[in-house]
Amino acid sequence: MPSRKSLVLGLVFCLAGAPLVYRVFAPAVDDKLARSAATTGDERSSTASGLPGTVSDSGPETQLLGIFTAIEANRLGDALSLTEALLRQHPNYRLAHLIKGDLLLARARPIDSFGAASDAPADKVADLRAEAIVRLKAYRERPEDNFVPRYLLQMQPDQRFAVVVDTQRSRLYLYENDVANGGRPRFVADYYVTQGKLGSDKYVEGDKKTPIGVYHVTANLPRQNLADLYGSGAFPINYPNEWDRQRGRGGSGIWLHGTPSDTFARPPKASDGCVVLTNQDLDAIAKNLQVGLTPVIISPSVEWLSLDDWAKERDELNASIDNWRQDWESRDTDRYLKHYSPRFKAGGQDFAAFAAQKRQVNAGKEWIKVKTDNLSVFRNPGAEEVVVVTFDQNYSSSNLTNRMKKRQYWQRENGKWKIIYEGSA
Amino acid sequence: MTITSLAQNRFQQLKTLRALTIGLAIGFAAPVFADNLPDVQRLIKQGQYPQAMDKVDAYLSSRPKDAQGRFLKGLIYTEMNKPTEAIAIFTRLSEDYPELPEPYNNLAVLYAQQRQYDKARTALEMAIRTHPSYAIAYENLGDVYAKLASQAYDKALQLDSANAATQNKLALIRDLITTSGKANVKPAATVVTAPAAIAVPAPVAAAPVKPAVAPTASVVTTTPGAAAQPTPAPAPVPVPPKLVEAKPTPEPTPAPTAKVNAASDDVLKAVNAWANAWERKDMKAYLGAYAADFKTPKGMPRKEWEAERTKRIAGKGGKISVQVDGPEVTMNGDSATVKFRQHYKAPGLSSSASKTMLLVRSGNRWLIKEETAR
């Protein structure tokens, strides 16, 4: 019969793979376990550096951590009472039921795996295990203060909050637009989320993936209009956006929504592409979401910048945008066109057609004034360096004035930011 | 024997009582047994519960507080399948004599029969708190933990094991009193030695203790540590002496299970669960008792066979009784042959037949692969 300690170890390792455990128990475990622990240790050192300073303690992560800490310390009775307390709070929490089952079964016989129920369906156990791992990871890997997601370069003043989703971490971060501090993103809270069954980077209808990109909330669908599947509410987002469509991406109906009534949480990968929160978490963020305004940026793996680097990147982009504006006002069409990529494409025009049209229009102007108000700049997640720029354009000239909400996609080419798409938003 | 089946099979199981009734009153009082009590015990043994009840009531009328008498009364209620009354008696007994583990243990057994495993757990933890080396309570607690674990797993994984015959080892014992004769409970042992000795023959004869006790023992070893947190039981990892007469074969059936081992025990459980499911008309559990490759009669398609069985069983009005009489198990690795007399009773029909079943091991379950009747 395996020793009690190895039993506990097995549980903790299967579950948490936590570096802490590695340090404490490594000498006692076999090679395989030690290797897996070492791997997690490495991952930690390479990724933890850039995460945001604060992680909210609102979800069950604190309690899960308490439970696994108790298990590590072989305080199984404490672990069980903590688990039971968690279940009183969330009676439908399947992960907690599984841990409870393990802790009880461990009293009846030695167990050597997470989810030790006989005949346990492997896929369901794997789902719960995955949830435990991402929740604990999100909690344990507390990064340094003063780091912000790279994507939130500039929010427009009336955007009070921004949502950033990290699909690999199954995490949603809520940031506030700290207008008093020059529009610096201020961390508010973070939440566990579910993504598509087959992961992220949606490409076509029905691929069961969550899209990657810069979106915003387009509607607020109240619970009473929804099927139980969507839980306490839903907030559709504007996938596919202009950039997605230009790149041939399809599908629709990507929402942020809640959880059906028969479970507290869904596995990390379970939706058809939507981003799913627990009902309590959806309720918590719902009051901060503004229809038509709140950005929802979904990344496979959020990049974090120190506030210094963030400010530098933002200044650089703001400067590029303002140069574009000034060069437009200069009526020197060559200077103006230098801001556009040769790969520019919009409204059926390629760069050549666009350039020809601009030369013709500008030739007839005696003066041009361009104002950009309510500017927002969000970096598009992914390897390509693309930012999404949105503003109210107030254009006046000797023979035409016009106001519009404009959206541009800028891409860095050979070190310079160039416009590759523009159109009304 | 499963918890579910426990209710139905109680009469067999509780035969054990005989062995234990004696015991009583380890620590307390009653230096002299009133003449009535052995009579009560004898009547219980003979299954004459109303008479036993009359006697014990007469006994208690002059000594309403007497623990032994009340304990026996609780046993009689248990035998008479009146769990509410039995629970009331054992509850009050445990309040009046909190130092006695037996009433707690019996409460736990009754609660477990009603599937109130949380209450059963609390009661057993109390029993262990009063007697940290109370082996039977440990064994029971292990079973209750396993059952609670299974309920938690059901919720975690949306399983439906409640119906299926997956309740393995949940053989909650029906041992109602550990006697001091078992060296387990210390106080005043001497007083009771004699009756205990009387009791011993029965279990000894009938109980070639199944090797299952070995695993059980390991269960118990793990328990104290765990129990140590909720209860301040000192828990010095008592390796329980193998005194739990695990399967005191009821004598009416000519002890076929003479050579019982853990596996054949599981096979028997599977057969009993099958019979129970039939009696309950629980088609899910009944059909679930058959292996996927079960040889249907005349090779008829499985679906058709299931439909026919469902019509015959679930579609039948009135009560069905299915008794497995004198089962003989022959083990052969992962398969087992069971021969028994099947007594079937339903409105308008009763029959007895010799039945042979071939069961195969599937995970931790035994499933019926062939079934023939003569």
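Residues numbered from 1 in each chain as written. Chains lettered and ligands numbered in written order. Predicted model: local features only at pLDDT ≥ 70, side-chain atom pairs only at ≥ 80, totals over all residues.

> What is the right way to look at the overall build of chain B in this model?
Helices and strands together make up the secondary structure of chain B, namely 15 helices and four strands. Across the 374 residues of chain B, 48% fall into the buried class. Considering only contacts within chain B whose residues lie at least 6 apart along the sequence, 62% involve residues at least 24 apart. (Helix = DSSP H or I, 4+ residues; strand = E, 2+ residues; numbered from the N terminus. Buried ≥ 20, exposed ≤ 12 C-beta atoms within 10 Å, placed from the backbone. Contact = placed C-beta atoms within 7 Å.)

> Can you walk me through the overall build of chain A in this structure?
Helix and strand content of chain A: twelve helices and 20 strands. Put simply, 61% of the contacts in chain A that link residues at least 6 apart link residues at least 24 apart.

> Looking at this structure, how should I read the nonpolar core?
Nonpolar side chains in soluble globular proteins generally cluster together in the buried interior. Membership of the largest hydrophobic core comes to 145 residues, with the highest contact counts inside it found for Val164(A), Ala108(B) and Leu124(B). The dominant element in this core, judged by the number of residues it contributes, is helix H9 (residues 135–157) of chain B, at 14 residues. With sequence-adjacent residues up to four places away left out, Ala108(B) is seen in contact with Ala120(B), Ala123(B), Leu124(B), Asn140(B) and Val144(B). Listed in part, the 23 residues of the second largest apolar core include Ala275(B), Val324(B), Val329(B) and Ala336(B). (Core = buried A, V, L, I, M, F, W, Y, C linked by C-beta atoms within 7 Å.)

> I'm lost on the packing of helix H7 (residues 101–113) of chain B against helix H8 (residues 117–130) of chain B in this one. Help?
The relative placement of two packed helices comes down to the angle between their axes together with the axis-to-axis distance. All names here are of chain B. For the pair H7 and H8, the least separation of the axes is 8 Å and the interaxial angle reads 165°. In terms of orientation, H7 lies roughly antiparallel with respect to H8. Read as a crossing pair, H7 and H8 show a hand that is left-handed. Contact residues: H7 offers Pro-101, Tyr-104, Asn-105, Leu-107, Ala-108, Tyr-111 and Ala-112, while H8 offers Tyr-117, Lys-119, Ala-120, Ala-123, Leu-124, Met-126, Ala-127 and Thr-130. Per-class residue counts for the contact of H7 with H8 are twelve nonpolar, two polar and one charged. (Axes fitted to C-alpha atoms, helices over the stretch in contact; angles between N-to-C directions. Parallel < 35°, antiparallel > 145°, perpendicular 65-115°, else oblique. Left-handed = near helix turned anticlockwise from the far one by under 90°. Nonpolar A, V, L, I, M, F, W, Y, C, P; charged D, E, K, R; others polar.)

> Got a minute to help me understand the packing of helix H6 (residues 94–108) of chain A against H9(B) in this structure?
Between H6(A) and H9(B), the shortest axis-to-axis distance is 7 Å and the interhelical angle comes to 160°. One finds that H6(A) runs roughly antiparallel with respect to H9(B). Between H6(A) and H9(B) lies a crossing of left-handed hand. In contact with Arg94(A), His97(A), Leu98(A), Lys100(A), Gly101(A), Leu104(A), Leu105(A), Arg107(A) and Ala108(A) of H6(A), H9(B) contributes Gly142(B), Tyr145(B), Ala146(B), Leu148(B), Ala149(B), Ala152(B), Tyr153(B), Lys155(B) and Ala156(B). Considering only residue class, the contact of H6(A) with H9(B) consists of eleven nonpolar, three polar and four charged.

> Is there a simple way to think about the sheet that holds strand S3 (residues 161–166) of chain A in this case?
The strands making up a sheet are joined through hydrogen bonds of the backbone, oriented either antiparallel or parallel. All names here are of chain A. Spatially, the five strands line up as an open sheet ordered S5-S4-S3-S13-S7, and their pairing is mixed. Unpaired on one side and paired on the other, strand S5 (184–192) and strand S7 (213–216) mark the two borders of the sheet. Direction aside, neighbouring strands of the sheet carry axes that sit 25° apart on average. Here four bridges tie S7 to strand S13 (residues 295–299), and the two strands are oriented antiparallel to one another. From the neighbouring strand, His-216 faces S13, where its bridge partner is Pro-295. (Pairing = 2+ DSSP bridges.)

> Looking at this model, I keep getting lost on the confidence of the model for chain B. Mind explaining?
Low-pLDDT portions of the prediction should not be read for the details of their coordinates. Residues and elements named next belong to chain B. With 63% of its residues at a pLDDT of at least 70, chain B reaches an overall mean of 68. Averaged pLDDT values over the elements of chain B bottom out at 28 in helix H10 (residues 189–199) and peak at 94 in helix H6 (residues 83–96). With pLDDT under 50 throughout, residues 1–33 is counted as low confidence; its partners more than four residues away or in other chains account for 93 contacts. Confidence drops under pLDDT 50 across residues 163–260; counting only partners more than four residues distant or on other chains, this segment forms 225 contacts. Reported confidences for the modelled complex are a pTM of 0.65 and an ipTM of 0.79. (pLDDT = per-residue confidence, 0-100.)

> So what exactly am I meant to see when it comes to the sheet that holds strand S8 (residues 221–222) of chain A here?
One open sheet holds the four strands; their spatial order is S8-S9-S10-S12 (chain A), and the pairing between them is mixed. The open sheet is flanked by S8 and strand S12 (275–276) of chain A, the only strands paired with a single partner.

> Explain helix H9 (residues 279–286) of chain A to me, please; I cannot follow it from the model alone.
What sets the pattern is the α-helix's 3.6 residues per turn: residues three or four places apart point alike. All names here are of chain A. If you check which residues of H9 are buried, you get Asp-281, Leu-282 and Ile-285. For H9, the angular spread of the buried residues around the axis is 100°, confining them to a single face. Turning to H9, the residues buried within the fold contact strand S4 (171–178), S5, strand S9 (233–236) and strand S10 (255–257). (Arc of directions from axis to C-beta.)

> Looking at this structure, how should I read unusual backbone geometry?
Here Tyr239(A) and Pro240(A) are connected by a cis peptide whose omega angle stands at -5°. As for its placement among the helices and strands, Pro240(A) is situated in the loop between S9 and helix H8 (242–246). Even without a glycine there, the phi angle at Asn374(A) is positive, about 50°. Note on Asn374(A): 14 C-beta atoms within 10 Å, which makes it partly exposed. Phi at Arg115(B) is positive, roughly 65°, even though this residue is not glycine.

> Looking at this structure, how should I read helix H5 (residues 76–89) of chain A?
All names here are of chain A. Between the first and last C-alpha of H5 there are 20 Å, a value that for 14 residues agrees with the 20 Å anticipated at 1.5 Å per step. Here H5 has its buried residues at Leu-76, Ala-79, Leu-80, Leu-82, Thr-83 and Leu-86. Down the axis of H5, the buried set is contained in an arc of 165°. They therefore lie on one face. For H5, the exposed residues lying more than 90 degrees away from the buried face are Arg-88 and Gln-89. (Expected span 1.5 Å × (residues − 1).)

> How should the environment of Ser351(B) be read in this particular structure?
One can find Ser351(B) in strand S3 (residues 349–362). Residues Ser351(B) and Val322(B), spaced 29 residues apart in sequence, show a C-alpha to C-alpha distance of 9.7 Å.

> Explain the pairing of strand S4 (residues 365–373) of chain B to me, please; I cannot follow it from the model alone.
Residue and element names in this part refer to chain B. Sheet topology places S3 next to S4; eight bridges connect them, and they run antiparallel. Across the sheet, the residue bridging to Ser-362 is Arg-365, located in S4. In textbook terms, the turn of a hairpin is the stretch between consecutive antiparallel strands, and for S3 and S4 this stretch comprises two residues, one of which, Gly-363, has a positive phi near 65°.

> What should I look at first to understand the pairing of S3(B) in this one?
Working note: regular strand, side chains alternate between the two faces of the sheet. Judged from the twelve bridges that link them, strand S2 (residues 335–346) of chain B and S3(B) form a sheet pairing that is antiparallel. Bridge assignment links Ala346(B) to a residue of S3(B), and that residue is Leu349(B).

> Could you clarify how one ought to interpret the environment of Val275(A) in this entry?
Residue and element names in this part refer to chain A. Relative to the elements of secondary structure, Val-275 occurs in strand S12. For Val-275, a count of 25 C-beta atoms within 10 Å corresponds to the buried category. Separated by 108 residues in sequence, Val-275 and Thr-167 have C-alpha atoms that sit 9.0 Å apart. Excluding residues within four positions of it along the chain, Val-275 makes contact with Val-165, Leu-172, Val-193, Gln-195, Thr-210 and Leu-256.

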